[in-house]
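A look at the structure
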Amino acid sequence: FKVAALRTVNYVKTKVNFAEDYYMVSAISAAGFGNAYIPEILANYRVWNDVHGLRRKRKLDEIRGIRMVIEEVLEPAFKLRKWSLASIEKMKVQYAKRNADCLGWGIYSAIEKQEIKNEILLLSSSAGVKLYVWLYQNNVGFLITSMLKLESHAKSFLKYFLFRIQHSITSL
């Protein structure tokens, strides 16, 4: 990043212990700095192994971090430009639904699950999110998981089928 871009956004000013890189990149973009694509590797970082399930235990920090990026960076940038917040609201609902599954994991205590639930509902309290939360909390989230897997398999099959048709037509 250019030093001017980092100074403009006051480097990383969030106090949330997750999504610092996403926060910074979003803030730089919101400040009007563009992207430059170059073929060289600029940085490397280590992605740690998750031997003891610690990554999953950080779910509360993850959800809170993403919510703060949205509330502190993305929403103000959209409002400043007088853009519709509909796409952000849709993103919040999808993210909240996608992360509600952790309420069915056995690695959290009842207190931790309540904290995660509260954070999910701060992100979005839509009826759909509330339904997902209820289903996962009541051990019937497998219905959602099964439905999503079925949808994914159907899409994969359809893409494969359409690719085969297209390939057979172009090879004639």
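Right above here is the structure, for reference.
Now for a look at the structure at hand. (Residues numbered from 1 in each chain as written. Predicted model: local features only at pLDDT ≥ 70, side-chain atom pairs only at ≥ 80, totals over all residues. Heavy atoms only, no water.)

1. Comments concerning the side chain of Arg67
On the secondary structure map, Arg67 appears in helix H4 (residues 59-80). The class for Arg67 is buried, based on a relative accessible area of 11%. One polar contact links Arg67 to Glu119, side chain to side chain, over a distance of 2.3 Å. Setting aside residues no more than four positions away along its own chain, Arg67 makes contact with Glu119, Leu122 and Leu123. (Helix = DSSP H or I, 4+ residues; strand = E, 2+ residues; numbered from the N terminus. Buried < 20%, exposed > 50% of the residue type's maximum accessible area, 1.4 Å probe, protein only. Polar contact = N/O pair within 3.5 Å; in protein donor to acceptor, adjacent residues only side chain to side chain. Contact = heavy atoms within 4.5 Å.)

2. Digging into the environment of Arg164
Structurally, Arg164 can be placed in helix H8 (residues 142-170). By relative accessible area, Arg164 is classed as partly exposed at 46%. For Arg164 and Leu123, which are 41 residues apart along the polypeptide, the C-alpha to C-alpha distance reads 41 Å.

3. Describing the nonpolar core
Membership of the largest hydrophobic core comes to 34 residues, with the highest contact counts inside it found for Ile116 and Ile120. Elements represented by at least two residues in this core include exactly helix H1 (3-8), helix H2 (20-30), H4, helix H5 (86-99), helix H6 (110-123) and helix H7 (127-137). With 8 residues, H4 is the largest single contributor of residues to this core. Apart from residues lying up to four places away in sequence, Ile116 is in contact with Lys59, Leu60, Ile63, Cys102, Leu103 and Tyr108. (Core = buried A, V, L, I, M, F, W, Y, C linked by side-chain atoms within 4.5 Å.)

4. Things to note about unusual backbone geometry
Of note, Lys82 is a non-glycine position whose phi angle comes to about 60°, a positive value. Here Lys82 lies in the loop between H4 and H5. Positive phi values are uncommon outside glycine, yet Asn139 reaches one of about 60°. Locating Asn139 in the fold gives a position in the loop between H7 and H8. Asn139 gets classed as exposed once you look at its relative accessible area, which sits at 60%.

5. Some thoughts on the pattern of salt bridges
Within this structure, the stated rule accounts for 7 salt bridges. Between Glu119 and Arg64 there is a salt bridge, with its nearest N and O atoms 3.4 Å apart. Of the two residues, Glu119 sits in helix H6 while Arg64 sits in helix H4, which places them 55 residues apart along the sequence. Using a relative accessible area of 4% as the deciding quantity, one classes Glu119 as buried. Between Glu119 and Arg67 there is a salt bridge, with its nearest N and O atoms 2.3 Å apart. (Salt bridge = Lys/Arg side-chain N within 4 Å of Asp/Glu carboxyl O.)

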